[in-house]
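Coordinate analysis (summary)
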Amino acid sequence: MSPRPALTVRPIRFTDDIPGWQTVLGALGAVLLSEHPGWLVYQLGAGRLAVHAASGAGSGSGSPAGTTVLGFETGMPLAEAVASAAERGVPVELGGTGHGEAGIVTAADGTSFTLDTPTPNPEDLEATRPELAVLPIWHAPRPRVALDVLDGLGMRRRVIEEDGSWVDLTARSGGLHGVHRREEAGAELSFELEGDVAQLQEALAEVGVDAQLHEESFGRSLRIADPDGGAPVWVVERQPDLYSYALSEL
């Protein structure tokens, strides 16, 4: 089989408040790599996040504010990366999109996203919080569907809930990805911090962003107010104790 690509996790967040997201991401230590009208790409400690202007009401295209769409960048030539993923059973084809040629993935549960060429970083810019990773979540009625796609793209499993309701994976070139069993397919943006989330709460408060600290059975999390007024965006602390989770041997 052909080699697995050097993959970077880079979901897309659609918003009506790009300045609001710039404030949040600045407090999270992200650094801006690319800016075009309605499209920004940020480097985090691990992985990247694209911020996209939401579609206007009644536009009939694109995604509304608060929507998260999964996405990846590949370090391999795009055609080779698509061929490699297809060889591993990923439902992907090379095609044209609104931002140019990309690998278009359409999973069996209806989830669709693109595999893109890397956003250039000629100055080798780095995030100021290397301990923060992007962690998009693929909600899936059948987690196996999502896992087969992510495995085929070259991700490696890290932590698995014993009942199979949660799996997270790592990408070779940066970023984490979760798969969560849920009745309806969808995507959610979150982050993971290897450290104390209270420090992020302080940094966000300094720039006027509300964030609430919560104690969970699986550890602490920070809930950041969504600039678009939707559900809070989670930052979870990396778990020092796995409780009902297990490290993957894959």
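Before any of the text, the structure's been laid out above.
Attention here is on the structure that accompanies the text. Computed from a predicted model, the values in this text were never measured in an experiment.

1. Brief notes about the sheet that holds strand β8 (residues 92-97)
On the basis of which strands lie adjacent, the open sheet formed by five strands has the order β1-β7-β10-β9-β8 and mixed pairing. Looking at the sheet topology across the chains shown, the edges are occupied by β1 (7-9) and β8. Pairwise comparison of adjacent strand axes, ignoring direction, gives a mean angle of 35 degrees for this sheet. Where strand β9 (residues 100-106) and strand β10 (residues 112-116) come together, four bridges link them in antiparallel fashion. Each bridged residue has a counterpart across the sheet, and for Ile 104 the counterpart in β10 is Thr 114. Across the sheet, helix α2 (residues 78-87) touches β7 (71-74), β8, β9 and β10, and the angle it forms with β8 is around 145 degrees. Each of β1, β7, β9 and β10 is contacted by helix α3 (residues 143-153), which is oriented at about 5 degrees to β10, the strand it contacts most.

2. What about the side chain of Thr 114?
With respect to the helices and strands, the residue Thr 114 is situated in strand β10. Classification of Thr 114 as buried rests on a relative accessible area of 14%. Here Asp 116 takes part through its side chain, which lies 2.8 Å from a polar atom of the side chain of Thr 114. Those residues in contact with Thr 114 that lie beyond four places of it in its chain are Arg 10, Leu 70, Gly 71, Phe 72, Thr 97, His 99, Ala 102 and Gly 103.

3. Here's the deal with the side chain of Asp 168
Summarising the element assignment, Asp 168 is placed in strand β14 (residues 166-170). A polar contact of 3.5 Å, which involves the side chain of Asp 168, links it to the side chain of Trp 166. Once residues within four sequence positions are removed from consideration, Asp 168 is found in contact with Arg 156, Arg 157, Arg 158, Val 159, His 177 and Gly 178.

4. Section: the pairing of strand β20 (residues 233-237)
Most of β20 sits out of view: four of its five residues are buried. Relative to β20, strand β17 (residues 190-193) runs parallel, the two being bridged by four bridges. Within β20, the position partnered with Glu 192 by the bridge is Val 236. When strand β19 (residues 219-224) meets β20, the two strands line up antiparallel, connected through four bridges. For Ile 224, the partnering residue across the bridge sits in β20 and is Val 233.

5. Considerations on the pattern of salt bridges
Applying the stated criterion to the full structure yields 11 salt bridges. Linking Arg 10 and Asp 116 is a salt bridge whose minimum nitrogen-to-oxygen distance equals 3.3 Å. Of this pair, Arg 10 sits in the loop between β1 and β2 (12-15) while Asp 116 sits in strand β10; the two residues are 106 residues apart in sequence, bridging distant segments of the chain. Classification of Arg 10 by relative accessible area gives buried; the value is 3%. A relative accessible area of 4% means that Asp 116 is categorised as buried. A salt bridge links Arg 220 to Asp 196; its shortest N-O distance comes to 2.3 Å. Here Arg 220 is found in strand β19, whereas its partner Asp 196 is found in the loop between β17 and α4 (197-206), with 24 residues between them in sequence. With a relative accessible area of 30%, Asp 196 lands in the partly exposed category.

The rules we used
Residues numbered from 1 in each chain as written. Predicted model: local features only at pLDDT ≥ 70, side-chain atom pairs only at ≥ 80, totals over all residues. Heavy atoms only, no water. Pairing = 2+ DSSP bridges. Helix = DSSP H or I, 4+ residues; strand = E, 2+ residues; numbered from the N terminus. Axes fitted to C-alpha atoms, helices over the stretch in contact; angles between N-to-C directions. Contact = heavy atoms within 4.5 Å. Buried < 20%, exposed > 50% of the residue type's maximum accessible area, 1.4 Å probe, protein only. Polar contact = N/O pair within 3.5 Å; in protein donor to acceptor, adjacent residues only side chain to side chain. Salt bridge = Lys/Arg side-chain N within 4 Å of Asp/Glu carboxyl O.

Function-wise, these values are silent; they only describe arrangement.
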